[in-house]
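Next come the chains, spelled out residue by residue.
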Amino acid sequence: MRVDALIAAGLTRSFEFFPPKSDAESIRLAATLRELEPLDPSFVSVTYRGGPVSRQRTLELVTRVQSEGRLTAVAHLTCVGHTPDELREILGEYARAGVENVMALGGDVTDDVVPSPSSPRYALELVELAREVGTFSIGVAAHPLGHPRSVDRDSDRRHLAAKLRAADFAVTQFFFDAREWSELVEDLAARGVDKPVLPGVMPVTTLRSVERMATMGAAVPPALIARLEAADRRGGDGAVRDEGVRAALELCQDLLARGVPGLHFYTMNHSSATRELHRALFAS
Ligand code: FAD
């Protein structure tokens, strides 16, 4: 099914995975998918990063999930490192495989990505390419606190509004205060854009991940860090994980009270925190 139709039909619950980097990770991901499938997610999305091998793994995983027919797959695709013709070819492959949903993303130039001088520069151009190639339901990225490369909040929101007008829905970077989702949606509405914005939720389950999350563009607030450090003193890693899941549950409850169209869980290819949140929120 198309994601925009799923959102229109009611509250969505979706899970995000990244492609496995090794056979061992493939086995773990397969187990995670088996453990999460009974939660009957509205859709599952697979990120697209790195060099050709990782990118091919995304394409294989998405087309396999879609062909198995038990889950609705969303393929992430990034501009960076691809020519427009390569992007058209990948989108054509997804369309031929019956994949109906793509996330059109700018992407970031990392060590294993060879930038191409003719790559589209912004995600909006990839949205337009996807419109040209197929009849996809197209999602875009939204950054409640503004994208790290944005010069200011107004330009960030102006460019977000422009790409969301052309797309069907947005999914946010993870964040930790539900007011940021409300403020983002109100700002978009003031710019005449009312397309659905799915909040991305990532529980902080280790103190070590705090640093990594800050580099991904969404710093963990000091108050939450203090909560996790207190838990660490009380009971070590297990207590930190439980406190992180508890904080994520509080965020989800606040988001649901604010009328979000769905919840999008960043699983990091593990299932336990997502299952615990899902059970607490939806009793299943
Ligand atoms: P864009 O929308 O292109 O925006 C990037 C920057 O350019 C912003 O500052 C924007 O304000 C600015 N901008 C946009 N248009 C213009 C314009 N016309 N003129 C001037 N400035 C402009 N990355 C991956 O590599 N793989 C993934 O699978 C992946 N999945 C993601 C999923 C989600 C839900 C999110 C939130 C992010 C994801 N990312 C992924 C990260 C994403 O690729 C990075 O955030 C990247 O830096 C920008 O992505 P974007 O699509 O927001 O880019």
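Residues numbered from 1 in each chain as written. Predicted model: local features only at pLDDT ≥ 70, side-chain atom pairs only at ≥ 80, totals over all residues. Heavy atoms only, no water.

J.: An account of the layout of surface pockets is requested, with residue identities and associated values reported.
T.: Volume-wise, the second largest pocket comes out at about 320 Å³. Surrounding the second largest pocket, 15 residues form its lining, Pro203, Thr205, Thr267, Met268 and His270 being those nearest its centre. For the lining of the second largest pocket, the elements supplying multiple residues, two or more each, are α8 (208-215) and α10 (272-282). (1 Å grid on protein atoms, 1.4 Å probe; cavity = no way out; pocket = protein on both sides within 12 Å on 5 of 7 lines; lining within 4 Å. Points joined across faces, edges and corners; volume = space filled by probe spheres on them. Helix = DSSP H or I, 4+ residues; strand = E, 2+ residues; numbered from the N terminus.)

J.: Give a detailed account of the environment of lysine 195, specifying residues and quantitative values.
T.: Relative to the elements of secondary structure, lysine 195 occurs in the loop between α7 (178-190) and β7 (197-201). Residue lysine 195 is classed as partly exposed on the basis of its relative accessible area of 27%. At 3.1 Å, the side chain of lysine 195 and the backbone oxygen of leucine 164 are in polar contact. Looking at lysine 195, its side chain comes within polar contact range of the main-chain oxygen of alanine 167, at 2.7 Å. (Buried < 20%, exposed > 50% of the residue type's maximum accessible area, 1.4 Å probe, protein only. Polar contact = N/O pair within 3.5 Å; in protein donor to acceptor, adjacent residues only side chain to side chain.)

J.: Please set out the site of the ligand residue by residue, giving values where relevant.
T.: In the vicinity of the ligand lie 25 residues, with Tyr48, Asp108, His147, Ser150 and Lys163 positioned nearest. Histidine 76 places a polar side-chain atom, nitrogen or oxygen, 2.9 Å from an oxygen atom of the ligand. In this structure, an oxygen atom belonging to the ligand sits 2.4 Å away from a side-chain N or O atom of aspartate 108. Isolated, the ligand exposes 970 Å² of accessible area, and the fraction of that covered by the protein chains is 85%. Looking at the shell around the ligand, the elements that each hand over two or more residues are β3 (73-78), β4 (101-105), β5 (137-142), α6 (153-166) and β6 (169-174). Taken together, the residues of the shell around the ligand sort by class into nine nonpolar, eleven polar and five charged. (Near = heavy atom within 4 Å. Areas by Shrake-Rupley, 256 points an atom, 1.4 Å probe, with all protein chains shown as cover. Nonpolar A, V, L, I, M, F, W, Y, C, P; charged D, E, K, R; others polar.)

J.: Report on α8, specifying residues and quantitative values.
T.: Those residues of α8 not exposed but buried are Ser209, Val210 and Met213. All buried residues of α8 fall inside an arc of 110 degrees around its axis, so they share one side. When the buried face of α8 is taken as reference, the exposed residues oriented beyond 90 degrees from it are Arg208, Glu211 and Thr215. Where α8 is buried, its residues touch β6 and α9 (222-257). (Arc of directions from axis to C-beta. Contact = heavy atoms within 4.5 Å.)

J.: Let's hear about helix α4 (residues 84-96): which residues, and what values?
T.: With 13 residues, α4 extends 18 Å between its outermost C-alpha atoms, agreeing within 8% with the 18 Å of an ideal straight helix rising 1.5 Å per residue. Along α4, the residues classified as buried are Leu87, Ile90, Leu91, Gly92 and Tyr94. Lining the buried residues of α4 we find α3 (52-68), β3, β4 and α5 (123-133). Looking one or two residues beyond α4, the residue adopting positive phi is glycine 98, at roughly 80 degrees. (Expected span 1.5 Å × (residues − 1).)

J.: Run through the pattern of salt bridges, naming residues and quoting values.
T.: Considering all chains together, one arrives at 24 salt bridges under this definition. With a closest N to O distance of 3.2 Å, arginine 96 and glutamate 89 form a salt bridge. Since its relative accessible area comes to 62%, arginine 96 is described here as exposed. Linked through salt bridges whose partners overlap, the residues forming this network are Arg153, Asp154, Arg157, Arg158, Glu183, Asp187 and Arg191. (Salt bridge = Lys/Arg side-chain N within 4 Å of Asp/Glu carboxyl O.)

J.: Mind laying out the pairing of strand β2 (residues 43-46), listing which residues take part and the relevant values?
T.: With burial as the criterion, each face of β2 is covered, one bearing Phe43 and Ser45 and the other bearing Val44 and Val46. Taken together, the four bridges between strand β1 (residues 12-17) and β2 define a ladder with parallel strand orientation. Across the sheet, the residue bridging to glutamate 16 is serine 45, located in β2. Once the chain exits β1 it traverses helix α2 (residues 23-36) before rejoining the sheet at β2, and the crossover so formed is right-handed. Sheet topology note: the β2/β3 ladder contains three bridges and is parallel. Residue pairing for β3: serine 45 is matched across the bridge by valine 74. (Pairing = 2+ DSSP bridges. Right-handed = clockwise from strand over helix to strand, strands pointing away.)

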